[in-house]
Amino acid sequence: MSDTPGFATRAIHAGSSPDPATGARATPIYQTTAFVFDDADHAASLFNLQTYGYIYSRLTNPTVAVLEGRIASLEGGKGATCTASGHAAQMLALFPLMAPGLEIVAANRLYGGSITQLGRSFQKFGWTTKFIDFDDLDAVRQAIGPNTRALFCESLANPGGVITDLEAIARIAEAANLPLVVDNTMATPALCRPIEWGATLVCHSTTKFLSGHGNAMGGAVVDSGRFNWTAAGHFPTLAEPEPAYHGLRFHETFGDMAFTVHGHAVGLRDLGASMAPLNAFLTITGIETLPLRMARHCENAVVVAKHLAAHPAVAWVNYAGLADNPYHARAHKYLGGQAGSVFTFGVKGGYQAGKTVVEAVNLFSHLANIGDTRSLIIHPASTTHRQLTLEQRAAAGAGDDTIRLSIGIETVADLLADLDQALAKAA
Ligand SMILES: *Cc1c(COP(=O)(O)O)cnc(C)c1O
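Residues numbered from 1 in each chain as written. Predicted model: local features only at pLDDT ≥ 70, side-chain atom pairs only at ≥ 80, totals over all residues. Heavy atoms only, no water.

**Description of the overall build of the protein chain**
And then number 1: Across its full length, the protein chain carries 18 helices and 12 strands.
And then number 2: For the protein chain, the C-alpha radius of gyration of 22 Å lies close to 22 Å, the compact-globule estimate for 427 residues.
And then number 3: In terms of overall dimensions, the protein chain has C-alpha extents of about 75 × 55 × 45 Å along its principal axes.
And then number 4: Per-residue burial over the protein chain gives 55% buried out of 427 residues.
And then number 5: In the protein chain, of all internal contacts separated by at least 6 residues, the share reaching a separation of at least 24 is 71%.
And then number 6: Separation between the mean location of the 29 positive side-chain charges and that of the 36 negative ones in the protein chain comes to 4 Å. (Helix = DSSP H or I, 4+ residues; strand = E, 2+ residues; numbered from the N terminus. Rg over C-alpha atoms; globule rule 2.2 N^0.38 Å. Buried < 20%, exposed > 50% of the residue type's maximum accessible area, 1.4 Å probe, protein only. Contact = heavy atoms within 4.5 Å. Lys, Arg positive; Asp, Glu negative; His and termini not counted. Charge placed at Lys NZ, Arg CZ, Asp CG, Glu CD.)

**Considerations on the nonpolar core**
And then number 1: With 120 residues, the main nonpolar core has L94, L97, L151, L308, F343 and L405 as its most contacted residues.
And then number 2: Here the element with the most residues in this core is helix α14 (residues 290-309); it accounts for seven residues.
And then number 3: Structurally, this core is a two-domain feature, drawing no fewer than three residues from each of domain 1 (7-286) and domain 2 (290-426).
And then number 4: Here F343 is in contact with A301, V304, A305, L308, V317, N318, Y319, I403, R404, L405 and I407, once residues within four sequence places are set aside. (Core = buried A, V, L, I, M, F, W, Y, C linked by side-chain atoms within 4.5 Å. Domains from an automatic or database assignment.)

**What about helix α12 (residues 258-271)?**
And then number 1: Remark: the principal bend of α12, roughly 30°, maps to H264.
And then number 2: The buried fraction of α12 amounts to 10 of the 14 residues, a majority that puts the element mostly inside the structure.
And then number 3: What α12 keeps buried is the set A258, F259, T260, H262, G263, H264, A265, V266, G267 and L268.
And then number 4: Once α12 ends, the next one or two residues include G272, with phi positive near 75°. (Bend = angle between axes of the 7 residues up to and from the residue.)

**With respect to the sheet that holds strand β5 (residues 180-183)**
And then number 1: Strand order in this open sheet of seven strands is β1-β7-β6-β5-β4-β2-β3, and the pairing throughout is mixed. The open sheet has two free edges, formed respectively by β1 (79-83) and β3 (128-132), since each of these has just one partner strand. Shown here is a sheet whose adjacent strand axes are inclined to one another by a mean of 20°, direction ignored.
And then number 2: When strand β2 (residues 103-107) meets β3, the two strands line up parallel, connected through five bridges. In the sheet register, I104 faces β3, and the bridge partner there is T129. (Pairing = 2+ DSSP bridges. Axes fitted to C-alpha atoms, helices over the stretch in contact; angles between N-to-C directions.)

**A word on the side chain of S375**
And then number 1: Checked against the element boundaries, S375 lands in the loop between β10 (365-366) and β11 (376-378).
And then number 2: Taking the relative accessible area as the measure of exposure, S375 reaches 0% and is therefore buried.
And then number 3: Engagement of the side chain of S375 in a polar contact is seen with the backbone nitrogen of G408, the distance being 2.8 Å.
And then number 4: Apart from the residues lying within four places of it in its own chain, the contact partners of S375 are L363, F364, S365, S406, I407, G408, E410 and L415. (Polar contact = N/O pair within 3.5 Å; in protein donor to acceptor, adjacent residues only side chain to side chain.)

**Digging into the packing of aromatic side chains**
And then number 1: Tallied over the full model, the rule gives 14 aromatic pairs.
And then number 2: A centroid spacing of 4.7 Å and a plane angle of 70° characterise the contact between W197 and Y334, whose relative ring orientation is edge-to-face. In this pair, W197 sits in the loop between α8 (188-191) and β6 (201-205) while Y334 sits in helix α15 (residues 328-334), placing the two residues 137 residues apart along the sequence.
And then number 3: Geometrically, the ring pair formed by W229 and F235 is edge-to-face, given 5.3 Å between the ring centres and 85° between the ring planes. Comparing W229 with F235 shows no difference in burial state: the two are buried.
And then number 4: The structure contains a cluster of three or more aromatic residues connected by ring pairs, namely F227, W229, F235 and F259.
And then number 5: Above the face of the Y111 ring, K208 is positioned so that its terminal group lies 5.1 Å from the ring centre. (Phe/Tyr/Trp six-rings, centres within 6.5 Å; stacked < 30°, edge-to-face > 60°. Lys NZ or Arg CZ within 6 Å of the ring centre and 35° of its normal.)

**Examining the packing of helix α3 (residues 62-75) against helix α13 (residues 277-288)**
And then number 1: The N-to-C vectors of α3 and α13 enclose an angle of 35°; their axes lie 8 Å apart at closest approach. Relative to α13, α3 is oriented so that their crossing is left-handed. Two secondary-structure elements touch here, α3 through T63, V64, V66, L67, R70, I71 and L74 and α13 through P277, A280, F281, T283, I284, I287 and E288.
And then number 2: In the contact of α3 with α13, the residues fall into 10 nonpolar, two polar and two charged. (Left-handed = near helix turned anticlockwise from the far one by under 90°. Nonpolar A, V, L, I, M, F, W, Y, C, P; charged D, E, K, R; others polar.)

**As for the pairing of β1**
And then number 1: Judged by how many residues are buried, β1 sits mostly within the fold: five of five residues are covered.
And then number 2: Where burial is concerned, the two faces of β1 agree: the one with G79, T81 and T83 and the one with A80 and C82 are both buried.
And then number 3: Taken together, the five bridges between β1 and strand β7 (residues 219-223) define a ladder with antiparallel strand orientation. The residue of β7 that forms the bridge with T81 is V221.

**A look at the environment of R141**
And then number 1: Within the fold, R141 resides in helix α6 (residues 137-143).
And then number 2: The exposure class of R141 is partly exposed, given its relative accessible area of 43%.
And then number 3: Here the alpha-carbon distance between R141 and A176, two residues 35 residues apart in the chain, equals 8.5 Å.

**Considering the site of the ligand**
And then number 1: Taken together, the neighbourhood of the ligand is formed by 16 residues, with G86, D183, S205, T207 and K208 sitting nearest.
And then number 2: Within the contact set of the ligand, an oxygen atom lies 2.7 Å away from a side-chain nitrogen or oxygen of S205.
And then number 3: For the ligand, the accessible surface in isolation is 380 Å², of which the surrounding protein chains cover 93%.
And then number 4: Sort the elements by how many residues they give to the shell around the ligand and helix α4 (residues 86-94) lands first, with three residues.
And then number 5: Its residues assigned to classes, the shell around the ligand comprises three nonpolar, 10 polar and three charged. (Near = heavy atom within 4 Å. Areas by Shrake-Rupley, 256 points an atom, 1.4 Å probe, with all protein chains shown as cover.)

As structure tokens, then:
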């Protein structure tokens, strides 16, 4: 037996132990705002970050801490900071790295909401994002300048089915002495562990496959613990004295936990995007079955994608799980031969036919989410990618005729029958 327990064992046990106060085996929901101090000295040392413990649930909470330990273990990271949503996780991942006038080099094929967040809202903080085709490695190298502080991409992009060449991008980041931030929401650590390929930070919308049941918002930032924030010379937030903590230097003091401690002690303290204990509980419970669910999600997705590819009413299917897809080889290298359960297809008849299919399905739910046990359907051009320009939409793989599916874990024959009757109405 190896020293590190297997993935499925860690999905159930990592970060948790029976509750010390009651023996409760499932992680209790610590539905409390604050935690009583032993005495004044104990309180002072907690506030000085000299003692580890709980103060106030905006910073840390025991239920959330179990989830943080679990996600960090599954990703192979040193620590994690959970947040109110995936977008909050992206903000917390970049916050310690950035300052007004600094730049992010990001993939141009990202979840539409991330393009808007990085490209528009973060501009108000003075952070600029250059969107680059990450398949063009020279373009990525050329986009990096003296003000760049992070590279940002998705392991498996939502919804274009693009799989990033993580190893090559990580090498570029390393040569430039920059952290690589990878959004691993679509792949989950069950399929891909970006830290193994050189990522510095991994972020998640735990709202999707990790919680897995469409009932809990959340996010997480996982730190590999491998980046030398001091030696890089341009990350003062982590390397230089922090006035709010009596001149403490996070990297020098906390070593490979510096990013995670900062995420709580400064990021959550000041930005306030904390995860609710109930959502942490639901996500802990969801993760226990992550390996089983992902296997079934992927198995069903391959069957549905093959069925659609052979369907006379379908113009095209874009799914890296199909052998003729340009990203199929990368699915084998980075995702264990799987390609997740979210993919796009085009209906013959374009916009109008697409709209008909979305409205005609019965078992599929027409809504803006992915990674639910239930199968989901959406027309990105009129919803998730609506804020983008035509060019951005095309680059993100969300043209006018595009329908996005998130295949659930139902009986696959029922999914095929539902899509068939909807496609018949569109023909
Ligand atoms: C949904 C999603 C996000 C944003 O997460 P929220 O939990 O909705 O804030 C970020 N990245 C990807 C790939 C997503 O699918």
